[in-house]
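Listed here are the chains, written in short residue letters.
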Amino acid sequence: MSEIKRRISCIVCPLGCEGEIVLEGGQITAVTGFTCPRGHQYAREEVTAPKRMLTTTVRVVGGQLPLLPVVSKGPLPKDKIVACARFLSTVIVTAPVCEGDIVCENILGLGVDIVASRDLPVVDKNSPQNVL
């Protein structure tokens, strides 16, 4: 079986260690160059099951802004990010919304909630900017 070497830059901490993963037959046979256990773990996950955080926006009804910034409460499988973003493009929330409110629970059954990343109050109809 052929050996595959992959260089990876760790993003877990500010050190940004660069290491190498060796794969043989789809199995990790060596992990070198990382200075801490978190780097080793990150590299293993990045090769076998990469994950990413998702930040995007959802539409709002009755809010001071038309869009609400949201973020995944934890990392999602990288290959599901686009599907999650597409699903969130269909979500509409009603103001008011508080930072940390769950906007979408257990998105696509992946066990990760999507939460509001800021407060969004109801539009004030008496505000000078809303008078025609």
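Residues numbered from 1 in each chain as written. Predicted model: local features only at pLDDT ≥ 70, side-chain atom pairs only at ≥ 80, totals over all residues. Heavy atoms only, no water.

- For the protein chain, an unreviewed UniProt entry supplies the name CxxC motif-containing protein and the organism Sporolituus thermophilus DSM 23256.

### Re the domain arrangement of the protein chain
Item 1. Segmentation of the protein chain into domains returns domain 1 (3–48) and domain 2 (55–116).
Item 2. Here the C-alpha centre of domain 2 lies 31 Å away from the C-alpha centre of domain 1. (Domains from an automatic or database assignment.)

### Section: the sheet that holds strand S1 (residues 3–9)
Item 1. Here we have three strands laid out as an open sheet, ordered S1-S2-S3, and antiparallel in their pairing. The open sheet has two edge strands, S1 and strand S3 (27–32), and neither has a second partner. Each neighbouring strand pair of the sheet contributes to a mean axis angle of 25°, computed without reference to strand direction.
Item 2. Bridge count between strand S2 (residues 18–24) and S3: five bridges; the pairing is antiparallel. Across the sheet, residue Glu 24 finds its bridge partner in S3, namely Gln 27.
Item 3. Along the sheet, helix H1 (residues 37–48) contacts S1, S2 and S3; its crossing angle with S1, the most-contacted strand, is approximately 125°. (Pairing = 2+ DSSP bridges. Helix = DSSP H or I, 4+ residues; strand = E, 2+ residues; numbered from the N terminus. Axes fitted to C-alpha atoms, helices over the stretch in contact; angles between N-to-C directions. Contact = heavy atoms within 4.5 Å.)

### Topic: the nonpolar core
Item 1. Counting 20 residues, the largest nonpolar core has Val 58, Leu 68, Leu 76, Leu 88, Val 93, Val 103 and Ile 107 as the members making the most contacts within it.
Item 2. Where this core is concerned, the elements lending two or more residues are strand S5 (55–61), strand S6 (67–72), helix H2 (81–88), strand S9 (102–104) and strand S10 (114–116).
Item 3. The element best represented in this core is H2, accounting for three residues.
Item 4. Ignoring anything within four residues of it in the chain, the contact list for Leu 76 reads Pro 50, Lys 51, Arg 52, Leu 54, Ile 81, Cys 84, Ile 107, Leu 110 and Val 112. (Core = buried A, V, L, I, M, F, W, Y, C linked by side-chain atoms within 4.5 Å. Buried < 20%, exposed > 50% of the residue type's maximum accessible area, 1.4 Å probe, protein only.)

### Section: the environment of Asp 113
Item 1. Of note, Asp 113 is situated in the loop between S9 and S10.
Item 2. For the pair Asp 113 and Lys 73, spaced 40 residues apart in the sequence, the C-alpha separation amounts to 5.6 Å.
Item 3. Discounting chain neighbours no more than four positions away, the residues touching Asp 113 are Val 71, Ser 72, Lys 73, Ile 102, Cys 104, Glu 105 and Asn 106.
Item 4. Only 2.8 Å separates the side chain of Asp 113 from the backbone nitrogen of Asn 106, close enough to count as a polar contact. (Polar contact = N/O pair within 3.5 Å; in protein donor to acceptor, adjacent residues only side chain to side chain.)

### A closer look at the environment of Lys 125
Item 1. Structurally, Lys 125 is set in the segment after S10.
Item 2. In this structure the C-alpha to C-alpha distance between Lys 125 and Gln 64, which are 61 residues apart in sequence, comes to 9.7 Å.

### Details of the environment of Val 22
Item 1. Relative to the helices and strands, Val 22 resides in strand S2.
Item 2. Judged by its relative accessible area of 9%, Val 22 is buried.
Item 3. Sequence separation of Val 22 and Glu 45 is 23 residues, and the distance between their C-alpha atoms is 13 Å.
Item 4. Excluding residues that lie within four positions of it along the chain, Val 22 makes contacts with Glu 3, Ile 4, Lys 5, Gln 27, Ile 28, Thr 29 and Ala 30.

### Re the pairing of S6
Item 1. The alternating pattern of S6 places Leu 68, Val 70 and Ser 72 on a buried face and Leu 67, Pro 69 and Val 71 on a face that is not buried.
Item 2. Across five bridges, the pairing between S5 and S6 is antiparallel. The partner of Thr 56 across the bridge, within S6, is Val 70.
Item 3. Counting the residues between successive antiparallel strands, the hairpin from S5 to S6 contains five residues, one of them, Gly 62, with a positive phi of roughly 80°.
Item 4. Note: S6 against S10, three bridges, orientation antiparallel. Note on S10: the bridge partner recorded for Val 70 is Ala 116.

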